[in-house]
Amino acid sequence: MAFLTLICRKFALCTSPGLHQEATASVAGKGVFGRLKHESGTHRVQRVPVTEANGRVHTSTATVAILPQATEVRSPNCALQDR
């Protein structure tokens, strides 16, 4: 999330730094999907806010979707008929 926060600040994409509802990133390279595909799912995120005097941990979740880039699909050379 630190990387996404940096990008949000650099391009003025966030109204409140640190409060992300949605983030999208693109990662390219040989074998990237094979390495990251197991990261899909729900992750538990724990943090101690700077305003927390007693050191209590706040827990939230983040859902991650890893998708391969779609390639162009050619349609077959057949005519569709109404049935």
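Keep in mind the model is a prediction, meaning the values are calculated, not measured.

What counts, and where the lines are drawn
- Residues numbered from 1 in each chain as written.
- Predicted model: local features only at pLDDT ≥ 70, side-chain atom pairs only at ≥ 80, totals over all residues.
- Heavy atoms only, no water.
- Helix = DSSP H or I, 4+ residues; strand = E, 2+ residues; numbered from the N terminus.
- Contact = heavy atoms within 4.5 Å.
- Areas by Shrake-Rupley, 256 points an atom, 1.4 Å probe, with all protein chains shown as cover.
- Buried < 20%, exposed > 50% of the residue type's maximum accessible area, 1.4 Å probe, protein only.
- Salt bridge = Lys/Arg side-chain N within 4 Å of Asp/Glu carboxyl O.
- Polar contact = N/O pair within 3.5 Å; in protein donor to acceptor, adjacent residues only side chain to side chain.
- pLDDT = per-residue confidence, 0-100.

S.K.: Please explain the overall build of the protein as it appears in this structure.
M.R.: Across its full length, the protein carries two helices and two strands. Reading the secondary structure of the protein in the N-to-C direction produces α-α-β-β. Within the protein, contacts between residues at least 6 apart in sequence are counted, and of these 21% link residues at least 24 apart. Carbon together with sulfur atoms contributes 53% to the accessible area of the protein, which is approximately 8,300 Å² in total.

S.K.: It is not clear to me how the environment of A62 should be interpreted in this structure. Could you clarify?
M.R.: When you line up the elements, A62 lands in strand β2 (residues 58–64). For A62, a relative accessible area of 29% corresponds to the partly exposed category. For the pair A62 and Q21, spaced 41 residues apart in sequence, the C-alpha separation works out to 9.4 Å. Contact partners of A62, with chain neighbours within four places excluded, come to G41, T42, H43 and V45.

S.K.: Even after reading the chapter, I still don't get the pattern of salt bridges, so can you show me in this structure?
M.R.: Opposite charge on two side chains allows them to pair when their charged atoms are near. One pass over the structure, following the stated rule, counts one salt bridge. Residue R56 is joined to E52 by a salt bridge in which the shortest nitrogen-to-oxygen separation is 3.0 Å. A residue is classified by how much of its surface remains accessible, and R56, at 51% relative accessible area, is exposed. Judged by relative accessible area, which is 16%, E52 ranks as buried.

S.K.: Would you mind going over the side chain of E52 with me for this structure?
M.R.: Residue position: E52 is located in the loop between β1 (41–47) and β2. Of note is the side chain of E52, whose polar atom sits 3.3 Å from the backbone nitrogen of N54. A polar atom in the side chain of E52 sits 3.5 Å from the side chain of H58.

S.K.: Hey, could you run me through the confidence of the model for the protein in this one?
M.R.: Note that predicted coordinates carrying low pLDDT should not be read in detail. Residues of the protein with pLDDT of at least 70 account for 67%, and the chain-wide mean is 76. Looking across the protein, the model is least confident in helix α1 (residues 2–10), with a mean pLDDT of 64, and most confident in helix α2 (residues 32–36), with 87.

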